[in-house]
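# Breakdown of the fold
What follows is each chain in one-letter form.
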Amino acid sequence: MTVNNPTIPAGTDPSRPLAPFGRRLLTVTANKPLGAYRILHAADPDGPAPAAGQFAMLAAAERWGAGEDERPYLPRAFSYARWVAGEAQFLLEDVGPGTHRLCELREGDGLWVLGPLGRGFTAPKDARRALLVGGGVGIAPLAGWQDELGERATVLLGFRDRAHAAGAALLGDALVASDDGSVGRHGLVTDLLRAELDRDAHAGVYACGPPAMLEAVRALCAARAIPAQLALEAGMACGFGACFGCVVPKRDGGYLRICIDGPVVDAAQLDRIGEHAGSPA
Amino acid sequence: MTVNNPTIPAGTDPSRPLAPFGRRLLTVTANKPLGAYRILHAADPDGPAPAAGQFAMLAAAERWGAGEDERPYLPRAFSYARWVAGEAQFLLEDVGPGTHRLCELREGDGLWVLGPLGRGFTAPKDARRALLVGGGVGIAPLAGWQDELGERATVLLGFRDRAHAAGAALLGDALVASDDGSVGRHGLVTDLLRAELDRDAHAGVYACGPPAMLEAVRALCAARAIPAQLALEAGMACGFGACFGCVVPKRDGGYLRICIDGPVVDAAQLDRIGEHAGSPA
Amino acid sequence: MSVDFCGLRLAHPIINGSGTFDAIGARHAFGDALHSAFPFAAFVSKTITLAPRAGNPPPRLWEAQAGLINSIGLPNKGLERYMSEDLPELAQLPVPLITNVMGSTAEEIAELLRACDTRKEIAAVELNVSCPNVHTGLDIGADPAQLERVLRSVRPALRKPLIVKLTPNCADVAECARAAQEGGADAVSLINTLRAMALAPAGAHGRERSQSLAWLGGGTGGLSGAAVRPVALAQVAAVARRVSIPVVGMGGVQSAAHAHQFLAVGARLVAVGTESFRDPAVASRIASQLDDEGPPT
Amino acid sequence: MSVDFCGLRLAHPIINGSGTFDAIGARHAFGDALHSAFPFAAFVSKTITLAPRAGNPPPRLWEAQAGLINSIGLPNKGLERYMSEDLPELAQLPVPLITNVMGSTAEEIAELLRACDTRKEIAAVELNVSCPNVHTGLDIGADPAQLERVLRSVRPALRKPLIVKLTPNCADVAECARAAQEGGADAVSLINTLRAMALAPAGAHGRERSQSLAWLGGGTGGLSGAAVRPVALAQVAAVARRVSIPVVGMGGVQSAAHAHQFLAVGARLVAVGTESFRDPAVASRIASQLDDEGPPT
Ligand SMILES: Cc1cc2nc3c(=O)[nH]c(=O)nc-3n(C[C@H](O)[C@H](O)[C@H](O)COP(=O)(O)OP(=O)(O)OC[C@H]3O[C@@H](n4cnc5c(N)ncnc54)[C@H](O)[C@@H]3O)c2cc1C
Ligand SMILES: Cc1cc2nc3c(=O)[nH]c(=O)nc-3n(C[C@H](O)[C@H](O)[C@H](O)COP(=O)(O)OP(=O)(O)OC[C@H]3O[C@@H](n4cnc5c(N)ncnc54)[C@H](O)[C@@H]3O)c2cc1C
Ligand SMILES: Cc1cc2nc3c(=O)[nH]c(=O)nc-3n(C[C@H](O)[C@H](O)[C@H](O)COP(=O)(O)O)c2cc1C
Ligand SMILES: Cc1cc2nc3c(=O)[nH]c(=O)nc-3n(C[C@H](O)[C@H](O)[C@H](O)COP(=O)(O)O)c2cc1C
Ligand code: FES
Ligand code: FES
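Residues numbered from 1 in each chain as written. Chains lettered and ligands numbered in written order. Predicted model: local features only at pLDDT ≥ 70, side-chain atom pairs only at ≥ 80, totals over all residues. Heavy atoms only, no water.

### Description of the packing of aromatic side chains
Within the structure shown, the criterion is met by 24 aromatic pairs over all chains. Each ring, one from Tyr80(B) and one from Phe90(B), has its centre 5.2 Å from the other, and the planes form 35°; the classification is tilted. With Tyr80(B) in the loop between β4 (76-79) and β5 (82-84) and Phe90(B) in strand β6 (residues 87-92), this pair connects stretches of sequence that are 10 residues apart. Each member of the pair Tyr80(B) and Phe90(B) is classed as buried. Judged by centre distance (5.6 Å) and plane angle (55°), the ring pair of Phe240(B) and Phe21(D) falls under tilted. One end of the pair, Phe240(B), is in the loop between β13 (228-231) and β14 (247-249); the other, Phe21(D), is in the loop between β3 (14-16) and α1 (23-30), on a second chain. (Phe/Tyr/Trp six-rings, centres within 6.5 Å; stacked < 30°, edge-to-face > 60°. Helix = DSSP H or I, 4+ residues; strand = E, 2+ residues; numbered from the N terminus. Buried < 20%, exposed > 50% of the residue type's maximum accessible area, 1.4 Å probe, protein only.)

Quick look at the structure:
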């Protein structure tokens, strides 16, 4: 019931490139501020290119409970924001010991990476346009997806304030809303989404952000029968299906493990999205 | 039986200046290599001046299990090598995670210090000369003691090899032996001691070093009825008498807690010195 | 460094802890590479119960200092679908399969054992008498007399090696192990997780004040990982001294040095659990380092 | 934030764990400053036994990941010298004194309690039924029925509050707490250390190969400190739900936030143990931070 039964054999699903077995040691090539966030770059010359929406489990090579232990103890999950020419990019928000440690990393530091993991976005099967809806640090997986979709994609982003809205620069050309009205439209990104759907409902929605936002997107799309793919988040220990920790309830009972059944999940599979599925921002 | 019953009321024993209650945050002013060792300096403007032979419990302010935990978890004990004009000096040998972390500290870093702790050396009551006998990193407490005794002190030091023998520079004018013969006399520091005692037995011995060395010193002095003060070491959790972890067996049964009954102990109180009392070098 | 374990010839002494590696799930992540580089000398499945279980509501995880608290709640497909859906896939693994089962009565356990007995894909059965996350009413594993009685009654149902996974949440684990041996166990394994709890951090994201204090959806959970290793080592040592059957030691193993310690106090095999979450391939590294260094002296 | 505890009015809810602070020893280190800045709202002495005990041979300590394993072995002067030598000194402390005692039979315990009963310096007695370092033959604290029986028989010997310090190494600590309450305890305290073990590191300095594998002179020891906090919190919560008498919670408390957690799950007082080794004054800081923040909500 909680186990995914993919119809596509492992290794042939384009939304799911496989990870090499075992974590690998990459080198940080840059770590730059972007408003309230940071963008961490790591050279990944041999790593398979991820699909947009996939993620990796990251841990700093030093001072991350490796051998002699501390908290952070387990690796942390991060969406690939982009993967360009053998370099992975991650968008980080410092919310606790793990993200804090990663935010500190400097060029040349070691980074343990297990990935790419999970299932990414899949493109609309018809000519409908793609609405990419991101909230806070949840904009990360939309960057690579926008790159891939190109002109078909309209990007709607929401942030709490100006410092966070600076993160919008990660993507091209986006409509922005902010909670405090300091940047773009004063209000929620779901207001932007409603307006877009009112204008033209022949769309597919791709969303990532905090649980309340994803729930609003889900409800909005469900009410209008618009297909939506939601990139969920949940506390993870392993990232590869081993711990059964990262679950979200399915519409028809039981749970999905979002590390292997997601993180990108068809909204139709879900019931109301609770507080424990969504990015922390 | 294991509790010390000092005849001198607390605070009036010159070999035992009191520590302020609670650890205090000092600033590292220097950390320099000395052969295989390092000398760590920390500004201690308000700290009471220690007696030679006293020690402090040290922990780095960052990355030392403070709040979010790791090993090193507990503080570590170090003899004051010197305390000059409000600056404490410690001689460090990197033998594990705690000493490693301390060896890494840089100027400006924070250092938690609890001290001065324990009972230091006491000067010979008559005109006899003082023989200071140190082995490896155990030379540390002899530095301040030599400063205090001045000309009365003859210093004999033993090291395993040339890199360690460079530590002899911590003290003035010393006779050196090395295990590999690379520096000074080829042999043990106890060979030097035997020769000195053969030459002039009207002496008091002050020794610090690995257990086997201290045991040899003890046996030598006991055989010749020469008074000896030994600065012992043992694994410590607290340093102030709380945990009963740092014990060495007493001659007449029971144990001493070397953090409050020592670390400097009259050799006559001890039986054979086992492997768990002595510095690691 | 091949090892004999209850008549099974294993390539090395490192296996996985039940519930800490899902060979079917992991294949979605790693593809066939998982099989060609399979890290464990035998594969232990997650606990299977007669009826399907959804498991506990989230959150199911809490990171402790040098440890992990989980409150997974034994989600599984139930015996029937495990047999029909999972066994064929697990049979493709390059190593022997140990199926872990749990039942809350002797009848249930006997039924689970009988089912395992008939399937040649299963090399041995591990009986979980210890999971602290699920309230089985009576925790048979903590009471030696009851444990022995139950085992005596169910043992005839299985003609394969039976490993009893003891609970660490008991007064005298060695006595429980002895009872397991008397009751017919061919081996014992330990430790399972220590009963533990975490509170929601003040002002935790999305957490409303009205909700219960407990962070985990299941209320309490089980502690694993580095933090429990000293407890695990003491329990494994005590058990190995008391029984003559082989012991599978686990709890916080992170390196070959740790594995050595469990072998040194008398374990025949060592299982890696939480550490696989930090690196799924860690067990291979541990096994090959053990190999390089030879058996511990 | 003053607290009523068994009729004692305490300035705040933070006390020390038995055996983790020696107010007499510490005075040699800190002098009178110790008394003027005394960090605990009551002082709990190290366990006292009828006869003097030397304690275990060294080494007695092992640092674990985020924890400490000790094998001290309850060294103490014995009841008589405690009463004659230590009590007068401890009576000078600015806070009430709780004397911790341990006996291996009901008779021994009754004798200890009777002796404490006569001395007005002693405000309350804590009975240690749980120390894992010493083999008392029967570990009365782990068996609820036996615990209740012993307490019923010894309780009349003491007209002061009796705190029973439970053992965490048992199958159902809440049941043991209930038994303590039935047997006449006025409060329970927990957790004591978890039974644990450490092996000598390969090639440890000075350690000869021929010696036993165990690092600690006492063989096994008890784990305390941050690593045990999740286990402690679960046990304290379970006990507080089961009994109506006050609970003293401890195990890995390092900060006011941690103390809050124990209070939130139902502890009346919180004891600080191992963390005092990292900073002897930490309990003052915790108490004043609790005070600033007011009672937990
Ligand atoms: C698929 C996926 C993709 C993600 N992508 C990104 C991304 O691109 N960028 C990004 O910045 N983040 C991303 N996240 C979120 C990121 O993984 C978390 O922010 C990170 O794990 C937090 O770790 P931390 O140590 O910094 O904070 P933690 O302290 O571990 O936790 C942060 C939150 O977890 C809870 N928490 C607090 N303490 C604990 C504890 N002890 N144990 C368990 N939970 C606790 C609280 O709700 C807290 O707010 C993603 C998550 C997932 C699952
Ligand atoms: C009074 C006193 C004065 C001292 N003065 C000095 C000094 O001036 N300079 C100096 O360099 N050192 C001094 N020492 C020794 C110093 O305290 C130790 O070297 C230090 O504590 C080692 O800590 P670590 O973390 O580096 O190594 P650890 O790993 O803690 O231990 C080093 C040794 O302890 C044992 N050990 C290994 N693992 C553990 C463990 N997990 N738990 C417990 N023991 C373990 C082994 O025997 C090992 O060789 C002094 C000690 C005392 C008691
Ligand atoms: C997430 C998780 C799930 C677990 N599930 C099971 C299980 O289903 N059955 C079982 O017998 N043990 C289960 N365990 C216990 C482990 O097999 C193992 O006994 C324990 O985690 C100690 O080992 P470790 O510290 O190496 O993880 C689980 C442990 C974890 C962390
Ligand atoms: C070194 C040491 C000695 C202890 N001695 C005793 C003792 O004599 N009597 C007792 O009841 N508990 C004793 N304990 C247990 C503590 O009182 C406390 O229950 C336990 O350490 C958990 O708290 P902590 O994690 O804050 O240390 C001792 C603990 C330590 C670490
Ligand atoms: S994170 Fe472990 S199963 Fe998903
Ligand atoms: S180090 Fe704790 S009593 Fe000496």
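That was the structure; now back to the text.
### Thoughts on the site of ligand 3
Not every one of the 24 residues close to ligand 3 is listed here, only the nearest: Ser18(C), Thr47(C), Lys165(C), Gly252(C) and Thr274(C). Lying at an intersection of chains, ligand 3 is approached by residues of chains A and C. Residue Ser18(C) places a main-chain N or O atom 2.7 Å away from an oxygen atom belonging to ligand 3. Separating an oxygen atom of ligand 3 from a side-chain N or O atom of Thr274(C) is a distance of 2.6 Å. Burial of ligand 3 by the surrounding chains reaches 98%, relative to a free accessible area of 600 Å². Residue composition of the shell around ligand 3, by class: six nonpolar, 16 polar and two charged. (Near = heavy atom within 4 Å. Polar contact = N/O pair within 3.5 Å; in protein donor to acceptor, adjacent residues only side chain to side chain. Areas by Shrake-Rupley, 256 points an atom, 1.4 Å probe, with all protein chains shown as cover. Nonpolar A, V, L, I, M, F, W, Y, C, P; charged D, E, K, R; others polar.)

### Considering the sheet that holds strand β10 (residues 187-190) of chain C
All names here are of chain C. Pairing within the open sheet is parallel, and its eight strands lie in the order β3-β14-β13-β10-β9-β8-β7-β4. Each edge of the open sheet carries a strand with a single partner, namely β3 (14-16) and β4 (43-44). Two elements, strand β9 (residues 162-165) and β10, share three bridges in a ladder whose sense is parallel. Looking at β10, one finds that Lys165 is bridged to Ser189. Each of β3, β13 (247-250) and β14 (269-272) is contacted by helix α8 (residues 256-264), which is oriented at about 140° to β14, the strand it contacts most. (Pairing = 2+ DSSP bridges. Contact = heavy atoms within 4.5 Å. Axes fitted to C-alpha atoms, helices over the stretch in contact; angles between N-to-C directions.)

### Points about the sheet that holds strand β8 (residues 129-135) of chain A
All names here are of chain A. With mixed pairing, seven strands are arranged side by side in an open sheet as β11-β10-β9-β8-β12-β13-β16. With one partner strand each, in any of the chains shown, β11 (185-186) and β16 (264-266) form the two edges of the open sheet. Here strand β9 (residues 153-159) runs beside strand β10 (residues 174-178); their pairing, made up of five bridges, is parallel. When the sheet's bridge partners are listed, Phe159 is paired in β10 with Ser178. Strands β8, β12 (203-208) and β13 (228-231) of the sheet are contacted by helix α5 (residues 211-224), whose axis makes an angle of about 165° with β12.

### Let's talk about the site of ligand 4
Residue and element names in this part refer to chain D. Surveying the vicinity of ligand 4 reveals 24 residues, the closest of which are Ser18, Thr47, Lys165, Gly252 and Thr274. With respect to ligand 4, the side chain of Thr47 contributes an N or O atom lying 2.6 Å from a nitrogen atom. Taking Thr274, its side chain carries an N or O atom lying 2.6 Å from an oxygen atom of ligand 4. When ligand 4 sits alone it has 600 Å² of accessible area, and the protein chains cover 98% of it. Class assignment of the residues belonging to the shell around ligand 4 gives a composition of six nonpolar, 16 polar and two charged.

Nothing here speaks to function; it is all geometry.
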